[in-house]
Amino acid sequence: MFSFILKRLVQSIFVMLAVSLLAFALFRFVGDPVAVMVGQETSIEDQERLREQLGLNDPVIAQYTRFLGNLVTGDFGFSYRTRQPIGQMILNRMPATVELGFVALLISLAVGIPAGIYTALHNDGVIANAILITTLIGISIPTFVIGIFLIYVFGVQLGWLPTFGRGDVVEIGWWKTNFLTLGGLRALILPAITLGVYQLTLTMRLVRSEMQDVMNTDFIKFAIARGIDYRTVHYKHALRNSMVPVITIIGLQFGGVIAFSIVTESVFQWPGMGLLFLDSIRFVDIPVMSVYLVLIALIFVIINLIVDILYFVIDPRVRLKAEAS
Amino acid sequence: MLTWWRRVRIENELIYLFLRSPVTQVAAAIGLLSVLGALFAPLIAPTNPYDLASFDLLDSFLPPAWVEDGDPRFFIGTDDQGRDLLSSILYGARLSLLVGLSSVAFAAVLGTGLGLAAGYFGGRLDTIVMRIADVQLSLPAILTALLVDGVARGILPREQHDELLLVVLTVAIGLSLWVNFARTARASTFVERNKEYVQAAEIMGLHPLRIMAVAILPNILGPLMVIGTVDLAVAILLEATLSFLGVGVPPNQPSLGTLIRIGTEYIFSGEWWIVIFPSAALIVMIVSVNIMGDFFRAVLNPRLR
C-alpha cells in the first residue's frame, strides 16, 4: 500500500515538474518579458537594468529554480495586461468556476448514472434506445451550440432565465457565492446545464458499458441461475461491481468540467477562471497563461492521484496485482 | 498469408454488417455528401464568401427565401455583411473538414509512430514516450489547443500569424489528440512483437523500421482506425470551438464555428437563421462521423458483439 502510493506520488511530482518546465519555457522564451513591461521610449540602459533586476541574465537553470520556488511559495508574478498579481486575479475568479463546475457535475451524475443503469438493463427497449440516440446527439452537439440554444429558448423566447453573468452574489469572506440568493441560483441554471450535458452523456455511456460487462460475468449468470430475484442481482451484485469505474469518472470529470468551463463561461459571460484564461490568450498575457497551465495540471494530477489511491482501497484486484509485482 | 486472410474476412464482415445497419448507411451518405459539398464548394456555392466584391452590405440580414421579406437569391438568408449563408456554410464546412482531417492525420502519424517505437523497442524510449503522454493527459484537449494557439500568437509576427493560422490550428488540435493513438499503438505492438512472424522477420535481419511499418503496422490498424474516426469528430468539434472562441481560423475565412459566433450576436434581435443553419450543418456533420465511429467500434471490437 505504502510503496504503491509512494510510486504514484513520485510519478505525479514528475508530471508537475514537466508541466512547470513547460510553463517556464512559455514564460521565458515566448516574447521578451522586458519589452512587454516597458514603454517604447525607455532607453536601452534602463531596459538592461530591468533585465538585470529581474534576473533574466542569470543562467537558465537558476532562473527555472527561482520560477519553481516562486510557484511553490504562491508568488505567481504579475499580469502583463492588468499589472495585478496573478494569484489575486485567479483567486477572485475561482469561486465562480468552482460553483459552476460543481453544479454541472451534480447534474451529470444525478442524471447520467440512473440513465446508464436503465439502458444497460433494458437493452432493446424503446425508452433505452431513445435515451441512447439522445446521448449520441448530446455527444455530437458542441457545448457552445447547446448554450446558444438554451439562451435562445429560455432567455430570448420564453424570457424565464438570465443569460449572462452571475446575477446576485453574496460575499462570504473573499468567496462570492451564487447559492444564497434566488437571482444567483437562477443565473446558474443555464450555464450549469450547458456544461453538464456533455459530461452527462459520458457518464451514462460509461456506466452502461460497465454494467453490461458485469452482467455478462459468470458470477451474475450464476446468481440468476440460482434463482435470486432480478432486483437483488441487478441492484445489489451488478451495480456494486460496476461502480468502481464511476469513481474515476467523477474524478476525471471534475477536471474536465473545470477545463471545459472555458467555453461555457465564454458563451454566458460567466466571470470565472476560464474567461480570464481566454482573455489572457487574446492579449498574449503569457504569465497568466503559464500559471493557469500549472494550475489546471495540478488539479488533474491531484484528482488522478486520489482516484488511483481510492481504486487501490476499493478494488481488491488492483491491490493484489500491485502487491504481486 | 494468415494475416491477409484475416483482413479480408474482417473487410467482408465490415461490408456485411454495414449493409445491415441502415443508420450507419444514412450517416455514411451524409458524411459523403458533406465531403462532396466541401470538396466542390467553389463549384456548387452560389457566391464566393471570401470575395469582397461578391456581396453587398445592402443585402445584409435577409431572412431565408421562404420567409416573408426573404430574397430568392439567398435561399437560407444572409449574414450581417450580406454574404449568402448557404455559400458561407459550404465554404465553412470545407474549412472545418480540412482542418479536422489534417489534424487527425497529424495526430495519427505522430502518435502511431511514437507508440510503435515505444512498444517495439521498449526500455528507456518507452518510458520517455509514456511519461510525455502522462503529461499530455494531464492537460485537457481544449486547453492544449488554446495554449498552442496562444504561444503561436506570441511567437509569430502578426502578419504571418494570419497566414499560418490554419497550420497552427492543425498542430494545436493534432497535439491534443496524439496520445490516444500512441497508447493504443504501443499496447498492440507489445502483443504483436512477441509473435512468430515478427521474430521471423527479425531473424531474417530486416531493419526495425521495416518490421514496424510492413509487419506490425497492418496488424494493429483496426483499433487505430476506430480512434481515427472518433477523433475526427473531436477534431471538427475542437476546431469549431476554437473558432467560436475567436482564436481559430482567420477572420476573413469563416469556418462553421466563426459563423456561429457571428450568429450569436444577433439572436437577441431575432435574426435566428444566422446561427441556426451553421449550427445544424455542424451538428449533422459531427453526428454522422460519430455514428460511423460507433459502427467501426462495434464491428472491430469482438467483445461488443
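Residue numbers restart at each chain and count upward from 1, following the sequence in its written direction. Just so you know, chain letters begin at A and ligand numbers begin at 1, following the order they were written in. pLDDT decides what is reported in this predicted model: residues at 70 or higher carry local features, side-chain atom pairs at 80 or more are listed and counted, and totals for whole chains, interfaces and linings draw on all residues regardless. For the side-chain quantities, the full set of heavy atoms in the structure was used; hydrogens and water were omitted.

On to the overall build of chain B. Secondary structure follows DSSP: runs of H or I at least 4 residues long count as helices, runs of E at least 2 residues long count as strands, and numbering of each begins at the N terminus. Within chain B one finds 12 helices and 0 strands. The secondary structure elements of chain B, listed N-terminal to C-terminal, are α-α-α-α-α-α-α-α-α-α-α-α. For this analysis, residues touch if any pair of their heavy atoms sits within 4.5 Å. Of the contacts formed within chain B by residues at least 6 apart in sequence, a portion of 71% connects residues at least 24 apart. Here, Shrake-Rupley sampling with a 1.4 Å probe gives the accessible areas, and only protein chains in the shown set may cover a residue. Split by element, the accessible area of chain B, about 14,500 Å² in all, is 66% carbon and sulfur.

For the rest of this paragraph, the subject is the domain arrangement of chain A. Domain start and stop positions are those given by an automatic or database domain assignment. According to the domain assignment, chain A contains domain 1 (31-75) and domain 2 (86-324). One C-alpha centre belongs to domain 1 of chain A, the other to domain 2 of chain A; they are set 40 Å apart.

What follows covers the layout of surface pockets. Residues and elements named next belong to chain A. Estimates place the volume of the second largest pocket at around 560 Å³. Site definitions follow a grid-based scheme: protein atoms alone, a 1 Å grid, a 1.4 Å probe that fits but cannot get out for cavities, and for pockets an open set with protein on both sides within 12 Å along at least five of seven lines, plus lining residues having an atom within 4 Å of a point. Lining the second largest pocket are 23 residues; nearest its centre among them are F27, L54, N70, G77 and F78. Sorting elements by how many residues they give to the lining of the second largest pocket places helix α4 (residues 60-72) first, with 5 residues. Gly falls in the polar group here, along with every residue not listed as nonpolar (Ala, Val, Leu, Ile, Met, Phe, Trp, Tyr, Cys, Pro) or charged (Asp, Glu, Lys, Arg). Of the residues assigned to the lining of the second largest pocket, the class counts are 13 nonpolar, 6 polar and 4 charged. Residue-level mapping places the lining of the second largest pocket at the junction of two domains, with at least three residues from each of domain 1 (31-75) and domain 2 (86-324). Grid points are joined across faces, edges and corners, and a volume is the space filled by probe spheres set on the points.

Taken together, the 39 residues of chain A in the interface contact 38 residues of chain B. Note on terms: buried area is the combined drop in 1.4 Å-probe accessible area of two parts once they are placed together, counting the loss on both. Here chain A and chain B share an interface that buries about 3,500 Å² over both sides, 81% of which is from carbon and sulfur atoms. The term salt bridge refers to a pairing of a side-chain nitrogen on Lys or Arg with a carboxyl oxygen on Asp or Glu at a separation within 4 Å. The interface formed by chain A and chain B holds 1 salt bridge in total. Note that D294 of chain B is salt-bridged to R205 of chain A, the shortest N-O span being 3.2 Å. As used in this structure description, the phrase polar contact means that two N or O atoms lie within 3.5 Å; if the pair is within protein, one of them must be able to donate a hydrogen and the other to accept it, and residues adjacent in sequence are counted only when both atoms belong to side chains. On inspection of chain A and its partner chain B, the count reaches 1 residue pair in polar contact (both at pLDDT 80 or more). Of all elements in the fold, only α1 (2-29), α6 (126-140), α7 (143-157), α8 (182-215), α11 (244-268), α12 (273-282) and α13 (286-314) of chain A reach the threshold of two or more residues within the side of chain A that touches chain B. With 7 residues, the single largest contributor to the side of chain A that touches chain B is α13 of chain A.

In a regular helix each residue adds 1.5 Å, so 15 residues correspond to 21 Å; α6 of chain A covers 21 Å between its end C-alpha atoms and thus fits that length. Each residue gets one of three labels from its accessible area relative to the maximum for its type: buried under 20%, exposed over 50%, partly exposed in between, using a 1.4 Å probe on protein chains only. Every buried residue belonging to α6 of chain A is among A128, L132, T135, L136, G138, I139 and S140 of chain A, and all of these are buried. Taken together, the buried residues of α6 of chain A touch α5 (86-121) and α8 of chain A together with α10 (208-245) and α12 (273-300) of chain B. Helix span is expected to be 1.5 Å times the residue number reduced by one.

Over its 15 residues, helix α5 (residues 123-137) of chain B runs 21 Å from end to end, which matches the ideal 21 Å to within 8%, given 1.5 Å per residue. If you check which residues of α5 of chain B are buried, you get D126, V129, M130, A133, D134, V135 and Q136 of chain B.

Now for the nonpolar core. Within this scheme, the nonpolar core is defined by two criteria: the residues are buried Ala, Val, Leu, Ile, Met, Phe, Trp, Tyr or Cys, and they are joined through side-chain atoms within 4.5 Å. Formed by 116 residues in total, the largest nonpolar core has its most connected members in F144 and F277 of chain A together with L146 of chain B. Among the elements that line this core, the one with the most residues is α10 of chain B, at 17 residues. Looking at this core, you find at least three residues from each of domain 1 (31-75) and domain 2 (86-324) of chain A. In this structure, I117, A187, A192 and V233 of chain A belong to the second largest nonpolar core, which totals 26 residues.

What follows is about the packing of helix α8 (residues 178-193) of chain B against α10 of chain B. Think of two packed helices as two axes; the pair is described by the angle between the axes and how far apart they sit. Residues and elements named next belong to chain B. Simply put, an axis is a line fit to the C-alpha atoms, just over the touching stretch for a helix, and the angle between two N-to-C directions goes from 0 to 180 degrees. One way to put it is that α8 packs onto α10 with a least axis distance of 9 Å and a crossing angle of 155 degrees. One element, α8, and the other, α10, form an angle in the roughly antiparallel class. Viewed along their axes, α8 and α10 form a crossing whose handedness is right-handed. Contact with α8, carried on its side by N180, F181, T184, A185, S188, T189 and E192, involves I216, N219, I220, P223, L224, I227, G228 and D231 of α10 and no other residues of that element. The class makeup of the residues in the contact of α8 with α10 is 7 nonpolar, 6 polar and 2 charged. Here the word oblique covers every angle except those under 35 degrees (roughly parallel), over 145 (roughly antiparallel) and from 65 to 115 (roughly perpendicular). Each helix crossing is assigned a hand: it is left-handed if the near helix lies turned anticlockwise from the far helix by less than a right angle, otherwise right-handed if that turn is clockwise.

This brings us to the side chain of R8 of chain A. All names here are of chain A. Tracing the backbone through its elements, the reader meets R8 in helix α1. Relative accessible area serves as the criterion here: at 14%, R8 is assigned to the buried category. With residues up to four places along the chain from it excluded, the contact list for R8 reads N304, L305 and D308.

As a further point, take the packing of aromatic side chains. Each aromatic pair joins two rings of Phe, Tyr and Trp (for Trp, the six-membered one) with centres within 6.5 Å, and gets the label stacked for planes under 30 degrees apart, edge-to-face for over 60, and tilted for any other angle. Using the criterion set out here, one finds 8 aromatic pairs over all chains in the structure. For the ring pair F144 of chain A and F244 of chain B, a centre distance of 4.3 Å and an interplane angle of 10 degrees mean the geometry is stacked. With F144 of chain A in helix α7 and F244 of chain B in helix α10, this residue pair bridges two chains. Here F144 of chain A and F244 of chain B have matching classes, each one buried. In textbook terms, an aromatic cluster arises when at least three aromatic residues are bridged by ring pairs, as seen for F24, Y64 and F67 of chain A. Just above the ring of Y120 of chain B sits the side chain of R193 of chain B; from NZ or CZ to the centre is 4.7 Å. Whether a charge sits over a ring depends on NZ of Lys or CZ of Arg being within 6 Å of the ring centre and within 35 degrees of the ring normal.

Residues enter a patch when their relative accessible area is above 30% and they make no salt bridge; the linking distance is 9 Å between like charges and 5 Å between nonpolar side chains (Val, Leu, Ile, Met, Phe, Trp, Tyr). On the surface, M1, L298, I302, I306, L310, V313 and I314 of chain A cluster together into a nonpolar patch covering about 580 Å² of accessible area. For I302 of chain A, the position within the fold is in helix α13.

Detailed reading of the predicted coordinates is not advisable wherever pLDDT falls low. Per-residue pLDDT for chain A has a mean of 80; in total, 95% of the residues score no lower than 70. Note: pLDDT gives the predictor's confidence per residue, expressed from 0 to 100. Highest mean pLDDT in chain A belongs to α5 of chain A (86); lowest belongs to helix α14 (residues 316-324) of chain A (69).

One way to put it is that helix α4 (residues 85-121) of chain B packs onto α8 of chain B with a least axis distance of 7 Å and a crossing angle of 35 degrees. Remark: the crossing between α4 of chain B and α8 of chain B carries right-handed chirality.

What follows covers the environment of G155 of chain A. All names here are of chain A. Within the secondary structure, G155 sits in helix α7. Each C-alpha atom, one on G155 and one on E52, is 54 Å from the other, the two residues being 103 residues apart in sequence. Setting aside anything within four residues of it in sequence, one finds G155 in contact with L150, L161 and T163.

Residues and elements named next belong to chain B. Among the secondary structure elements, T170 is positioned in helix α7 (residues 158-175). Residue classification places T170 among the buried positions, given a relative accessible area of 14%. The contact partners of T170, leaving out residues within four places of it in the chain, are V99, S102, S103 and F106.

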